[in-house]
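A look at the structure
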2 protein chains.
Amino acid sequence: MSLSEANQDYLKAIYKLRAHGTVTTQALADRLKVAPPSATAMIKKLAALQLVTHTPYYGVQLTQTGEKIALEIIRHHRLVETYLTEVLGLGWDQAHIEAERWEHILSEEVEARMDAALGSPTRDPHGAAIPTLNGEIAVDDWTRLSEVSGGENLIVRRVSDENAELLGHLREIGLVPGAHVAVQRAVGAEGTLHLEIEGQAHVFGIAPARFVYVETLDETL
Amino acid sequence: MSLSEANQDYLKAIYKLRAHGTVTTQALADRLKVAPPSATAMIKKLAALQLVTHTPYYGVQLTQTGEKIALEIIRHHRLVETYLTEVLGLGWDQAHIEAERWEHILSEEVEARMDAALGSPTRDPHGAAIPTLNGEIAVDDWTRLSEVSGGENLIVRRVSDENAELLGHLREIGLVPGAHVAVQRAVGAEGTLHLEIEGQAHVFGIAPARFVYVETLDETL
DNA sequence: CATTGAATTTAGTTGCGGCTAATTTCTTTT
DNA sequence: AAAAGAAATTAGCCGCAACTAAATTCAATG
Ligand SMILES: [Mn+2]
Ligand SMILES: [Mn+2]
Ligand SMILES: [Mn+2]
Ligand SMILES: [Mn+2]
């Protein structure tokens, strides 16, 4: 009993939306760019397969089995992303688009070979944790760059890969995992952050800063 | 207008069957393991897309466009096969099975990167020609090992990848592209060939020998 | 507590790529 | 030249995953 590509994409989407509480039909439909009735129909199929539990009119939740499968697909995605950037030299955004397809057809054998070739990485190129073969995944408690107040010394840990365009831009200006960032000041009224990225001054908007996760080194600049 | 995986597999199958003359519905159905009416239905769709010409009750032929697409898929397949064996170390049979899926999702970008990483190979691991980006492919005029009479000195050029099990066995006994083979004698009645593969004596059946293509070095052993 | 509006589900349709059963067409045999 | 047989096509169906339009349910508001 192997799952269709659609099945897998739904499970992955539910997993990613799960942080905001129970996953609503609408949130799922929005994320997958399908009409709400399509999401309802798929939810019922997944519930029949015992991969999710569905409380009609309230929302959907992954079962243990469902979560395990979601994590397996995410592992595939992130390993492929890492492989495509590290070994074949693709750009982050390109690698993400490719991985969206490859994640569904990667065999366990090739997964293992890629993992070995990369030295069993624990993070993908943009800092997201790669689940283990057993379906374990690191939980990060990093801060969003949009939440800092000014004066901090930070290190970038992860940038969200939801937006391909943003991803490309972040890489260009060096806002990548490992980069050191000093926050000069946050101008709330203007919605801007005055940053120093690896010594380079930059003015950055609050909106995209929501997608950059940082760790605070110290607050005494 | 991009073609579905099924569309692509049909075009590839028609291309591979084309050598035996016009491609019949049955041959196509057999190869793709579908029922004849399924093949008829798909043939009509491909004809509507001008990728094949269909003469009802007689058979189907690729158009220029159709052949070009078939060759592109075959290029993908053989590049991936080569990449998986050379770079990731998969076995031939495993690589072939994987390539059957990868061929449909390989982007031009990744295709180019793999091609470069491999040094633009012209042959896949089992000796089949890799079509160029422009859709050109080398025409081989090699002999089947089943056609030799005895006494020849041969060099293996290609082994067919139609049968995964056979492919694995051939590799084991060293009947691979580049191997030197001396034919001691062919016993027609028994359907056996007495070979020396790189110095090692082997008795080989005529049936599998049909899938091994050789070049004759000389006939004066 | 009745009303209203948004979210969700149900009902019914579509395209794709399979299938079986029935029919048609071509070829071979008598 | 008719009949038989094999191959191909047509007719009608199914599961999947999408869609729109209509009905239902829940929550918020007056
Ligand atoms: Mn990603
Ligand atoms: Mn995907
Ligand atoms: Mn092959
Ligand atoms: Mn294929």
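Residues numbered from 1 in each chain as written. Chains lettered and ligands numbered in written order. Predicted model: local features only at pLDDT ≥ 70, side-chain atom pairs only at ≥ 80, totals over all residues. Heavy atoms only, no water.

**Some thoughts on the packing of aromatic side chains**
Overall, the coordinates contain 1 aromatic pair over all chains when judged by the stated rule. With a centroid separation of 4.7 Å and an interplanar angle of 55 degrees, the aromatic rings of Trp102 of chain A and Trp102 of chain B are classed as tilted. Placement of the pair is Trp102 of chain A in helix α5 (residues 92-102) and Trp102 of chain B in helix α5 (residues 92-102), with the two residues belonging to separate chains. Over the face of the ring belonging to Tyr213 of chain A we find Arg158 of chain A, whose NZ or CZ atom lies 4.5 Å from the ring centre. (Phe/Tyr/Trp six-rings, centres within 6.5 Å; stacked < 30°, edge-to-face > 60°. Helix = DSSP H or I, 4+ residues; strand = E, 2+ residues; numbered from the N terminus. Lys NZ or Arg CZ within 6 Å of the ring centre and 35° of its normal.)

**Points about the coordination of the manganese ion (ligand 4)**
All names here are of chain B. The protein atoms that coordinate the manganese ion (ligand 4) are Asp9 (OD), Glu100 (O), Glu103 (OE) and His104 (NE2), at distances of 2.1 to 2.5 Å. Counting along the primary sequence, the residues that act as donors to the manganese ion (ligand 4) give the motif D-x90-E-x2-E-H. Given a relative accessible area of 28%, Glu100 falls into the partly exposed group. The exposure class assigned to His104 is buried, which follows from its relative accessible area of 14%. (Donors = N, O, S within 2.8 Å, 3.2 Å for Na, K, Ca; no water. Buried < 20%, exposed > 50% of the residue type's maximum accessible area, 1.4 Å probe, protein only.)

**Remarks on the coordination of the manganese ion (ligand 3)**
All names here are of chain B. Taken together, the protein ligands of the manganese ion (ligand 3) are His77 (NE2), Glu81 (OE), Glu81 (OE), His96 (ND1) and Asp161 (OD), with distances of 1.8 to 2.8 Å. The sequence pattern formed by the donor residues of the manganese ion (ligand 3) is H-x3-E-x14-H-x64-D. Remark: Glu81 and His77 occur in helix α4 (residues 64-86); sequence separation between them is 4 residues, near one turn of the helix. For Glu81, a relative accessible area of 1% translates into the label buried.

**Remarks on the nonpolar core**
In this structure, Trp102 and Met114 of chain A together with Trp102 and Met114 of chain B are the most contacted members of the largest nonpolar core, which totals 30 residues. Elements that contribute at least two residues to this core include exactly α4 (64-86), α5 and α6 (108-117) of chain A together with α4, α5 and α6 (108-117) of chain B. Ignoring any residue separated from it by four or fewer positions in sequence, one finds Met114 of chain B in contact with Leu88 and Trp102 of chain A together with Val80, Tyr83, Trp102 and Leu106 of chain B. (Core = buried A, V, L, I, M, F, W, Y, C linked by side-chain atoms within 4.5 Å. Contact = heavy atoms within 4.5 Å.)

**Examining the protein's contact with DNA strand C**
Near DNA strand C, the surroundings consist of 22 residues, among which Lys44 and His54 of chain A together with Ser4, Ala35 and Ser38 of chain B are the closest. Taken together, the sugar and phosphate atoms account for 81% of what DNA strand C places within 4 Å of the protein. Here Thr40 of chain A contributes a side-chain N or O atom positioned 3.0 Å from a phosphate oxygen of DNA strand C. Listed by contribution, the elements that provide at least two residues to the surface near DNA strand C are α2 (25-32) and α3 (36-48) of chain A together with α1 (5-17) and α3 (36-48) of chain B. Class assignment for the residues of the surface near DNA strand C results in 12 nonpolar, 7 polar and 3 charged. (Near = heavy atom within 4 Å. Polar contact = N/O pair within 3.5 Å; in protein donor to acceptor, adjacent residues only side chain to side chain. Nonpolar A, V, L, I, M, F, W, Y, C, P; charged D, E, K, R; others polar.)

**Thoughts on the interface of chain B and chain A**
Between chain B and chain A, the residue contacts involve 17 residues of the former and 18 residues of the latter. With both sides pooled, the region where chain B packs onto chain A buries about 1500 Å², and carbon together with sulfur makes up 67% of that total. Of all residues in chain B, Leu88, Ile105 and Arg113 of chain B give up the largest surface area on contact with chain A, accounting jointly for 39% of the area buried on that side. Summed over the shared surface of chain B and chain A, the number is 0 salt bridges. At the boundary of chain B with chain A, the tally comes to 9 residue pairs in polar contact (both at pLDDT 80 or more). (Buried area = accessible area lost by both parts, 1.4 Å probe. Salt bridge = Lys/Arg side-chain N within 4 Å of Asp/Glu carboxyl O.)

**Focus: the pattern of salt bridges**
Residues and elements named next belong to chain B. One pass over the full model with this rule turns up 20 salt bridges over all chains. Arg31 serves as the salt-bridge partner of Glu162, at 2.4 Å between the closest nitrogen and oxygen. Of this pair, Glu162 sits in the loop between β4 (153-159) and α7 (164-172) while Arg31 sits in helix α2 (residues 25-32), placing them 131 residues apart in sequence. What makes Arg31 partly exposed here is its relative accessible area of 31%.

**Some points on the sheet that holds strand β5 (residues 180-187) of chain B**
Hydrogen bonds between backbone groups are what pair the strands of a sheet, and the pairing can be parallel or antiparallel. All names here are of chain B. An order of β3-β8-β4-β5-β6-β7 is seen for the 6 strands of this open sheet, with the pairing classed as antiparallel. Whereas interior strands pair on both sides, the edge strands pair on one side only; in this sheet they are β3 (143-144) and β7 (200-205). Pairing of β3 with strand β8 (residues 212-218) involves 2 bridges; the strand directions are antiparallel. Following the sheet pairing, Arg144 is matched in β8 by Tyr213. (Pairing = 2+ DSSP bridges.)

**What to know about the relation of the copies chain B and chain A**
Each copy of the sequence occupies a distinct position, and chain B is placed on chain A by a rotation of 180 degrees and an axial shift of 0.0 Å, giving an RMSD of 0.0 Å. What we have between these two chains is a two-fold relation. Closest approach to the rotation axis within chain B is made by the C-alpha atom of Trp102 of chain B, at a distance of 4.0 Å. When the interface residues of chain B are mapped onto chain A, 100% of them again lie at the interface, so the same face is used by both copies. (Least-squares fit on C-alpha atoms with pLDDT ≥ 70 in both.)

**A look at the domain arrangement of chain A**
Residue and element names in this part refer to chain A. Once the domains are mapped, chain A shows domain 1 (5-62), domain 2 (75-138) and domain 3 (143-220). Contact residues are listed per partner, giving 6 residues for domain 1 and 6 residues for domain 2. Carbon and sulfur atoms supply 35% of the area that domain 1 and domain 2 bury against each other, a total of about 470 Å² over both sides. Looking at the side of domain 1 facing domain 2, the largest losses of area belong to Glu5, Gln8 and Lys12, adding up to 63% of the total buried there. At the boundary of domain 1 and domain 2, one finds 2 salt bridges. Two residues, Lys12 and Glu103, come together in a salt bridge whose shortest N-O distance is 3.0 Å. Here domain 1 and domain 2 share 4 residue pairs in polar contact (both at pLDDT 80 or more) between them. Looking at the side of domain 1 that touches domain 2 residue by residue, the classes come out as 1 nonpolar, 1 polar and 4 charged. (Domains from an automatic or database assignment.)

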